[in-house]
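Residue-level listing of the chains:
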Amino acid sequence: HVQLVESGGGSVQTGGSLILSCVVSGVTVGRVSVAWFHQAPGKEREGVAALNPQTGETSYPDSVEGRFTITQDIAKNVVELKMNSLKPEDTGMYYCATPRAGNSDYGPLRAWTYYYWGRGTQVTVS
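Residues numbered from 1 in each chain as written. Predicted model: local features only at pLDDT ≥ 70, side-chain atom pairs only at ≥ 80, totals over all residues. Heavy atoms only, no water.

> Quick one: what's the story with the state of the cysteines, residue by residue and with numbers?
Scanning the entire structure with this criterion turns up one disulfide. With a sulfur-sulfur separation of 2.0 Å, Cys22 is cross-linked through a disulfide to Cys96. As the torsion about the S-S bond is roughly 65°, the Cys22-Cys96 disulfide counts as right-handed. Of this pair, Cys22 sits in strand β3 (residues 18-25) while Cys96 sits in strand β9 (residues 92-98), and the two are 74 residues apart along the sequence. The exposure classification of Cys22 matches that of Cys96, with both residues buried. (Disulfide = S-S within 2.5 Å. Helix = DSSP H or I, 4+ residues; strand = E, 2+ residues; numbered from the N terminus. Buried < 20%, exposed > 50% of the residue type's maximum accessible area, 1.4 Å probe, protein only.)

Structure follows, in structure tokens:
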């Protein structure tokens, strides 16, 4: 059974940095696409980073490009989100996600691409 567990959230000052981690079980990091989503209070879930292991390509929206970086540690089966220059609007829950095997549709920053989700970790920037 596929499980994803996020950690590393917390409270930081504006301009600060955090590294979020997602421990993955049931599938192998490096063989499946992975993504991070942000959900601000009262807002819909927004894709902030995605990684395609087939090509190594990453995807970011304009709101975080240059500030956030998604990486994978294949040996540890962990996906990380490195967050720099944090802003108050980055506040919210962060979730990691991966598609079901055999999924034929792929939109790297679209929620409908993903089937398995972690429970999230809270980030507060003030």
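> Please provide a residue-by-residue account of the packing of aromatic side chains, values included.
For the structure on display, the rule yields four aromatic pairs. With centroids separated by 6.2 Å and ring planes inclined at 80°, the aromatic side chains of Tyr114 and Trp117 adopt a geometry described as edge-to-face. Looking at Tyr114, the relative accessible area reads 6%, which means it is buried. According to the relative accessible area criterion, Trp117 is partly exposed, its value standing at 26%. Ring pairing ties together the aromatic residues Phe37, Tyr114 and Trp117, which thus form one cluster. Here the basic side chain of Arg45 rests over the ring of Tyr95, its NZ or CZ set 3.9 Å away from the ring centre. It is Arg100 that lies over the ring of Tyr115; its NZ or CZ is 3.7 Å from the centre. (Phe/Tyr/Trp six-rings, centres within 6.5 Å; stacked < 30°, edge-to-face > 60°. Lys NZ or Arg CZ within 6 Å of the ring centre and 35° of its normal.)

> Account for unusual backbone geometry, with residues named and values stated.
Unusually for a residue other than glycine, Asn77 sits at a positive phi of about 55°. Within the fold, Asn77 resides in the loop between β7 (68-73) and β8 (78-83). Asn77 gets classed as buried once you look at its relative accessible area, which sits at 16%. One non-glycine residue, Ser85, adopts positive backbone phi at about 50°. Among the secondary structure elements, Ser85 is positioned in the loop between β8 and β9. For Ser85, a relative accessible area of 40% corresponds to the partly exposed category.

Note that all results are geometric; they support no functional claim without further evidence.
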